[in-house]
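Summary of the model geometry
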Amino acid sequence: MLEHVPAWLGHAMSGLRAGADKLAIVQLGENFETLDLTSSAFAHDGRLPPRFTADGEGVSPPLVWSEPPVGTERMVLIVEDADAPAPQPLVHAIIWGLEADAGRLAEGAIVPDGAGDAAGRDVGRNSYLREGWLPPDPPSGHGEHRYAFQLFAVGAGAGDAGATPGRSAVVDAITGHVLAAGLLIGTYSREEEAPIGPVGVGAPA
């Protein structure tokens, strides 16, 4: 959708960004342990391959994480665009109720699943009010966008986020019950100028 925004308009909106301070992991504001969250598809602060965006197949990337703390009852994943040209980060994916010992998500695993499964795992709603993975789709010329993969180890006492939950319901349910969290940033942009070398440096003969 946003790939059709002209680059001049993207440049004009470049200063309009939700901000990293509004990400779920920041808003929860708790002193929790750190989970090691990684992907075999991209490095932390590295560029997302087009395969995982609206410019490619648009599947969700693979994720792997370290063992959560003792007492973890479920894992929760929230993926948000901190640089969306909107008042709040754009939600790209939610998974509520991942098994505590899951340890990974395979490529393409974030897909619509209706009301979830018997174990309580459920793919929630993104900002387009749809289940599943919303592929990164930044406006042309808007600059680099940071996609924050936020994984939470949740202990006993968390509330019920309901079937196919949205961001607000999930954050409300886990507030005060997060034992550990991991953060992985992937970046993506469209129609950015290619970097050039120092002025006055000639091309090799």
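The following paragraphs examine the structure supplied in this document. Fair warning: this is a prediction, and the values are worked out from it, not measured in the lab.

1. Let's talk about the packing of aromatic side chains
Taken as a whole and assessed by the stated rule, the structure comprises two aromatic pairs. Ring geometry for Phe 42 against Phe 149: centres 5.6 Å apart, planes inclined by 45 degrees, an arrangement best described as tilted. You can see Phe 42 sitting in the loop between β2 (37-38) and β3 (46-47) and its partner Phe 149 sitting in strand β9 (residues 145-154), a full 107 residues away along the chain. Taken as a pair, Phe 42 and Phe 149 share a single burial class, namely buried. When the ring of Trp 133 is compared with that of Phe 149, the centres are 5.9 Å apart and the planes differ by 25 degrees; the resulting orientation is stacked. A residue pair is termed long-range when its members are at least 10 positions apart, and Trp 133 in the loop between β8 (122-123) and β9 and Phe 149 in strand β9 qualify at 16 residues. With respect to class, Trp 133 is no different from Phe 149; both count as buried.

2. Some remarks on the nonpolar core
By size, the foremost hydrophobic cluster in this structure holds 23 residues, and its most contacted members are Leu 63, Trp 65, Leu 77, Leu 105, Ile 110 and Phe 149. Going through the elements one at a time, β4 (63-65), β5 (74-81), β6 (90-98), β9 and β10 (178-188) are the ones with two or more residues in this core. Looking at this core, the element that brings in the most residues is β9, giving four residues. If near-sequence neighbours (up to four positions away) are discounted, Trp 65 is found in contact with Asp 36, Leu 37, Met 75, Leu 98, Ala 102, Gly 103, Arg 104, Leu 105 and Leu 151. Counting residues in each nonpolar core, the second largest holds 21 residues, with Leu 28, Ala 161, Val 178 and Ile 185 among its members.

3. With respect to the pairing of β10
Among the eleven residues of β10, nine are classified as buried, and the element is accordingly described as predominantly covered. Pairing analysis gives two bridges linking strand β1 (residues 33-34) to β10, with the strands arranged parallel. Residue Glu 33 lies in a different strand from β10, and its bridge partner there is Ala 180. Note: β3 against β10, two bridges, orientation parallel. Bridged to Arg 47 within β10 is Thr 187. Here ten bridges tie β9 to β10, and the two strands are oriented antiparallel to one another. For His 145, the partnering residue across the bridge sits in β10 and is Tyr 188.

4. Some details on the pattern of salt bridges
Counted by the stated rule, this structure contains eight salt bridges. The residue Asp 83 makes a salt bridge to Arg 17 at a minimum N-O spacing of 3.4 Å. Here Asp 83, found in the loop between β5 and β6, pairs with Arg 17, found in the loop between α1 (7-12) and α2 (24-27); they are 66 residues apart in sequence, far enough to count as distant. The exposure class assigned to Asp 83 is buried, which follows from its relative accessible area of 3%. When its relative accessible area of 27% is taken as the criterion, Arg 17 is described as partly exposed. Each member of the salt-bridge network shares a partner with another, and the members are Arg 17, Asp 83 and Arg 146.

5. A closer look at the sheet that holds β2
In spatial order, the strands read β2-β4-β7; together these three strands make up an open sheet with antiparallel pairing. Single-partner strands in this sheet number two, and they are β2 and β7 (104-105). Here β2 runs beside β4; their pairing, made up of two bridges, is antiparallel. Note on β4: the bridge partner recorded for Leu 37 is Trp 65.

The rules we used
Residues numbered from 1 in each chain as written. Predicted model: local features only at pLDDT ≥ 70, side-chain atom pairs only at ≥ 80, totals over all residues. Heavy atoms only, no water. Phe/Tyr/Trp six-rings, centres within 6.5 Å; stacked < 30°, edge-to-face > 60°. Helix = DSSP H or I, 4+ residues; strand = E, 2+ residues; numbered from the N terminus. Buried < 20%, exposed > 50% of the residue type's maximum accessible area, 1.4 Å probe, protein only. Core = buried A, V, L, I, M, F, W, Y, C linked by side-chain atoms within 4.5 Å. Contact = heavy atoms within 4.5 Å. Pairing = 2+ DSSP bridges. Salt bridge = Lys/Arg side-chain N within 4 Å of Asp/Glu carboxyl O.

Keep in mind these numbers describe shape, not what the thing actually does.
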